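Commentary on secondary and tertiary structure
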Amino acid sequence: MSEMLHAHNVAKSFTLHTQGSVTIPVFEGVEFGLSAGECIALTGESGSGKSTFMRMLYANYTCSQGSIKVFHDGGWLDLTTANPHSILEIRKRTLGYVSQFLRVIPRVPTLEIVAEPLVALGTSREAAMDKARDLLTRLRIPERLWQLSPLTFSGGEQQRVNIARGFIADYPIMLLDEPTASLDVQNRATVLELIEEAKKRGAAIAGIFHDHETRDAVCTGSFDVTSFKVGAND
Amino acid sequence: MRQMNDPLLRVDNLTMMYGDRVGCKNVSFELRPGEVLGIVGESGSGKSTLLRSISAQQEPTKGIVEYQTRIDGTRDVYQMSEAQRRLLMRTDWAFVHQNPRDGLRMNVSAGANIGERLMAIGDRHYGNIRQNADNWLGKVEIASERLDDLPSTFSGGMQQRLQIARNLVTSPRLVFMDEPTGGLDVSVQARLLDLLRGLVHDLNLAVIIVTHDLAVARLLSHRLMVMQQGKVIEHGLTDQVLDDPQHPYTQLLVSSILQN
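Okay, so let's go over this structure. Keep in mind that what you see is a predicted model, and the values were worked out from it rather than measured. (Residues numbered from 1 in each chain as written. Chains lettered and ligands numbered in written order. Predicted model: local features only at pLDDT ≥ 70, side-chain atom pairs only at ≥ 80, totals over all residues. Heavy atoms only, no water.)

**Observations concerning the overall build of chain A**
The following threshold applies: In this text, helices come from DSSP runs of H or I with a minimum length of four residues, and strands from runs of E with a minimum of two, each type numbered from the N-terminal end. Radius of gyration here is computed from C-alpha atoms only, and the compact-globule reference equals 2.2 Å multiplied by the residue count raised to the power 0.38. For every residue, the accessible area obtained with a 1.4 Å probe (protein chains only) is divided by the maximum for its type, and the residue is called buried under 20%, exposed over 50%, and partly exposed between those limits. In short, Shrake-Rupley with a 1.4 Å probe defines the accessible areas, and a residue's cover is counted only from the protein chains shown.
Along its length, chain A carries 7 helices and 9 strands. In terms of overall size, chain A behaves like a compact globule, its C-alpha atoms giving a radius of gyration of 18 Å where 234 residues would be expected to give roughly 17 Å. Seen along its three principal axes, the alpha-carbon backbone of chain A occupies a region of about 55 × 40 × 35 Å. Taken over 234 residues, chain A has a buried fraction of 51%. With an accessible surface of roughly 10200 Å², chain A has 49% of that area assigned to carbon and sulfur atoms.

**Side note on the overall build of chain B**
Selection rule: Any two residues whose heavy atoms approach within 4.5 Å are treated as being in contact. Counted as positive: Lys and Arg. Counted as negative: Asp and Glu. His and the chain ends are not counted at all. Think of each charge as sitting on NZ of Lys, CZ of Arg, CG of Asp or CD of Glu.
For chain B, the count of helices and strands is 10 helices and 10 strands. What you see for chain B is a C-alpha radius of gyration of 18 Å, in line with the 18 Å of a compact globule of 260 residues. A total of 260 residues make up chain B; the buried ones form 51% of that total. Residue pairs in contact within chain B that sit at least 24 positions apart in sequence constitute 67% of those at least 6 positions apart. Put simply, chain B shows about 11800 Å² of open surface, and 47% of that area lies on carbon and sulfur atoms. Computed over 28 positive and 30 negative side-chain charges, the inter-centroid distance for chain B is 4 Å.

**Describing the sheet that holds strand β7 (residues 174-178) of chain B**
Residue and element names in this part refer to chain B. Rules: If DSSP finds at least two bridges between two strands, the strands pair. Axis definition: a line fitted to C-alpha atoms, limited for helices to the stretch in contact. Angles are taken between N-to-C directions and run from 0 to 180 degrees.
On the basis of which strands lie adjacent, the open sheet formed by 6 strands has the order β6-β7-β8-β3-β9-β10 and mixed pairing. Each edge of the sheet is formed by a strand with only one pairing partner; in this case those strands are β6 (93-96) and β10 (231-237). Across this sheet, the average inter-strand angle for adjacent strands is 15 degrees, counted without regard to direction. Across 5 bridges, β7 lies against strand β8 (residues 206-210) in parallel orientation. By the bridge assignment for β8, F176 is matched with I208.

**Some thoughts on the interface of chain A and chain B**
Heads up, the condition is: Buried surface area refers to the total accessible area, computed with a probe of radius 1.4 Å, that the two partners give up upon joining, counted for both partners together. In what follows, salt bridge is the name for a side-chain nitrogen of Lys or Arg lying within 4 Å of a carboxyl oxygen of Asp or Glu.
Contact residues are listed per partner, giving 24 residues for chain A and 24 residues for chain B. Counting each side, the surface lost to burial between chain A and chain B is near 2100 Å², with a carbon and sulfur contribution of 54%. Considering only the side of chain A, the residues that lose the most area to chain B are A:H85, A:I105 and A:R107, jointly responsible for 30% of the buried surface there. Put simply, chain A and chain B have 5 salt bridges between them.

**Focus on the pairing of β6(B)**
Note on strand geometry: in a regular strand, side chains alternate between the two faces of the sheet. Residue and element names in this part refer to chain B. Residues W93 and F95 point to one face of β6 and A94 and V96 to the other, with burial holding for every one of them. As paired strands, β6 and β7 are joined by 4 bridges and run parallel to one another. Its bridge partner lying in β7, F95 is registered against F176.

**Considering the pairing of strand β2 (residues 21-31) of chain B**
Residue and element names in this part refer to chain B. Bridging between strand β1 (residues 9-18) and β2 involves 7 bridges; their strand directions are antiparallel. In the sheet register, Y18 faces β2, and the bridge partner there is R21. Linking β1 to β2, which pair antiparallel, is a turn of 2 residues; within it G19 sits at a positive phi near 65 degrees.

**Some remarks on the packing of aromatic side chains**
Counted only if it meets this: In this scheme Phe, Tyr and Trp rings, the latter by its six-membered ring, pair at centre separations within 6.5 Å, and the angle between planes marks the pair as stacked below 30 degrees, edge-to-face above 60, and tilted otherwise. A ring has a charge above it when a Lys NZ or an Arg CZ is no more than 6 Å from the ring centre and no more than 35 degrees off the ring normal.
Tallied over the full model, the rule gives 11 aromatic pairs over all chains. An aromatic cluster of three or more residues is present, and its members are A:F27, A:F32, A:F53, A:F223 and A:F228. Over the face of the ring belonging to A:Y58 we find A:R91, whose NZ or CZ atom lies 4.2 Å from the ring centre. Here B:K139 stacks its cationic end above the ring of B:W136, 4.4 Å away from the centre of that ring.

**Considerations on helix α4 (residues 125-138) of chain A**
Since one α-helical turn is 3.6 residues long, residues separated by three or four positions face the same way. All names here are of chain A. Definition in use: Each residue after the first adds 1.5 Å to the expected span of a helix. Directions drawn from the helix axis to the C-beta atoms are what define this arc.
With 14 residues, α4 extends 20 Å from end C-alpha to end C-alpha; this agrees with the ideal 20 Å at 1.5 Å per step. Within α4, the full set of buried residues consists of A128, M129, A132, L135 and L136. Burial along α4 is one-sided: seen end-on, the buried residues are contained in an arc of 125 degrees. Where the residues of α4 are buried, they touch α3 (110-120), α5 (155-167) and α6 (185-200). Just beyond α4, the residue with positive phi is R140, at close to 60 degrees.

**Some details on the environment of B:A206**
Residues and elements named next belong to chain B. Note on placement: A206 falls in strand β8. The class for A206 is buried, based on a relative accessible area of 0%. In this structure, the C-alpha to C-alpha distance between A206 and A143, residues 63 residues apart in sequence, is 27 Å. Every residue in contact with A206, bar those within four places of it in the chain, is listed here: L8, L31, R32, P33, G34, E35, R173, L174 and V175.

**Looking at the sheet that holds strand β5 (residues 75-78) of chain A**
Residues and elements named next belong to chain A. Spatial ordering of the open sheet is given by β2-β1-β4-β5, a layout of 4 strands whose pairing is antiparallel. Two strands close off the open sheet at either side, each with one partner strand: β2 (22-35) and β5. Neighbour-to-neighbour, the strand axes of the sheet open up by a mean angle of 25 degrees, direction not taken into account. In this sheet, β5 lies alongside strand β4 (residues 65-72) in antiparallel orientation, the contact comprising 4 bridges. Each bridged residue has a counterpart across the sheet, and for V70 the counterpart in β5 is L77. Across the sheet, helix α1 (residues 50-57) touches β1 (3-16), β2 and β4, and the angle it forms with β1 is around 120 degrees.

**Quick notes on unusual backbone geometry**
Of note in this structure, A:S21 is not a glycine but carries a positive phi near 55 degrees. Counting through the fold element by element, A:S21 comes out in the loop between β1 and β2.

**Focus: the environment of A:L135**
All names here are of chain A. Within the element layout of this structure, L135 appears in helix α4. Classification of L135 as buried rests on a relative accessible area of 4%. Remark: the alpha-carbon pair of L135 and L111, spanning 24 residues in sequence, is separated by 9.9 Å. In this structure L135 touches A164, F167, I168 and L194, once residues within four positions along its chain are discounted.

As far as function goes, none of this settles anything; it's purely spatial.
Okay, here's the thing in structure tokens:
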């Protein structure tokens, strides 16, 4: 299996300048690799830093130390030193992210929000809309809602719109932050299918899953962030 | 052939002093075609001063503003002749003011407000100008029948959209915006944001947008520059600056947002 992402000697700490400049160390010396076709569960108790680590893999958070290299466009790029243009390019074509929060401009229809990443990749509007319809149908978002802004939807519906948007483009690397958190059994099964399909086409996936069933069903391995907690090995 | 990655605008060590008082100091950055740069910071941090100095409205005390012109290659904006600079500002650049009254002529019709910029670059065919103006009203979601009405009869949100149409009719490549959603109520803001984002994408506009609203900055800009007391104290990918701010002032700014 070919490696797609590699974190080396990664450390993170937060300095809270507004609160007496206290420094909170999260972890250090993290070594992590992710290969095509894998789905690795990031594990660790609440507060261990798994969400922080995932955000660092997306370059949403900075690294205090170390490197996070991503295989993009036939070469390796380090997210910790890449300029904003490169990071945006990597996110557009290589690195997908399903977050727990839907951040969109009010009034933009759900269908457009879901289709947008594919349109940005140069797919025709028609084809992107078709795929968006297909995903929204699979995720059981009623058609009467497609022309409305998802900001008026329930939490579970917003989550599914997020998933549709995250899965519409075939990103080589995907990061999933609790993709099944507020879903019912049927929709959770659909998300598992989507993850399986992504694995089959060779996506390298890292995810945080709140329940064992989901983890056991789709993950090929797990990675415990806790073992890199600062002071864990003292 | 110009490369996509060549900067459209390059600002180098720009400083604006008002006597002993610092307007903005040692600001440097580059902007590419199609890229949206947000400038945030509190009132008096130098955002608007910086915007005016970059957009040739106020010559800086020191520093260079270079622009990739369509025909002449890269030119220092403050080394151009007055006539060249005016032409640039009327055609390839656009400036959207916070108060539409500063960017519109209130005593001529909506259509004339849009047509005027076309006539300024030599368009003389009345029918074409009117057609083009009407087109642009449509793009900013103003009904055709308002073409001959005075902007003073428009709501604040409509005036702001008209100002945008007036600015974009000449197909500029670089747009400066100073608090474009500032005076508008929230529902009108959302509509304007949606419109702006669509136009930026469809026309591949490079934009420098000054705002004190971090939510607006997040939704529109690719990169963010945070200013305090005339200096850029943090600069980077928008979501990185807002979600993992490093500088004490940025942390204060971000932590001061009211959650809803």
